[in-house]
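Listed here are the chains, written in short residue letters.
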Amino acid sequence: MLTKLIQFKKRLTAALNGVLIIAVALLVLDVVWGVFTRYAMGEQAKWSEELARFLLVWVSLLGGAVAFGTKGHLGVDYFVSKFDPEARKVMAVFVHLVVLFFAGAIFLYGGGRVVADALAMEQTTPALGWKMGYVYLALPISGFFMILFTLENLIETLATPAAQLHEADAAEEVE
């Protein structure tokens, strides 16, 4: 079961990476177009700056979710690495539970409320005319993926013996 879970996580991470590649490509094209219209045509396209801002938000939040999936997020594990293997495992479980709480409370619940409120108030973007609720969807979507990846990491941590846990993380860093 653990191998199927790891394969599912790899496929999901690869799909999210594909979405991120497309979003970054669109962001680059948008910024290039904005610079071109500003300097070649004398006035920047009004929508290009707004689109760049929204794409950057989506790339940042989804990129953070992918970082959780690949265990590439920032962590200060110097002191934890000094613990015995069982204590490291307990700390890893504790960290996963803290991440689950905050991702659920802030990204999923709070982001969902922001989306619902923005859609209820019918807020729209000034240049593109998009509903702001759709722009804010980056919060609950990235929160969902953070929770999913953290649950997978938690299951993997609980299923792996404490002595092998540090070795498994070191092997993933090499890949």
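Residues numbered from 1 in each chain as written. Predicted model: local features only at pLDDT ≥ 70, side-chain atom pairs only at ≥ 80, totals over all residues. Heavy atoms only, no water.

Visitor: Residues and numbers for the side chain of H96, please.
Guide: If you trace the backbone, H96 turns up in helix α3 (residues 85–120). Residues within four places of H96 in sequence aside, it is in contact with T150, N153, L154 and T157. (Helix = DSSP H or I, 4+ residues; strand = E, 2+ residues; numbered from the N terminus. Contact = heavy atoms within 4.5 Å.)

Visitor: Break down the confidence of the model for the protein for me, citing the residues and quoting the values.
Guide: This prediction gives the protein a mean pLDDT of 89; 93% of its residues lie at or above 70. Element-level mean pLDDT values for the protein span from 61 in helix α6 (residues 162–174) up to 96 in helix α4 (residues 132–136). (pLDDT = per-residue confidence, 0-100.)

Visitor: So what about the pattern of salt bridges? Which residues, and what values?
Guide: What the rule picks out here adds up to four salt bridges. Note that E156 and K9 form a salt bridge whose closest N and O atoms lie 3.5 Å from each other. Remark: K9 occurs in helix α1 (residues 2–40) and E156 occurs in helix α5 (residues 138–159); sequence separation between them is 147 residues. An identical accessibility class is assigned to E156 and K9; each is buried. For K71, the salt bridge goes to E156, with nearest N and O atoms at 3.6 Å. Placement of the pair is K71 in the loop between α2 (46–69) and α3 and E156 in helix α5, with a sequence separation of 85 residues. You can call E156 buried: its relative accessible area is 8%. In this structure, a network of salt bridges that share partners links the residues K9, K71 and E156. (Salt bridge = Lys/Arg side-chain N within 4 Å of Asp/Glu carboxyl O. Buried < 20%, exposed > 50% of the residue type's maximum accessible area, 1.4 Å probe, protein only.)

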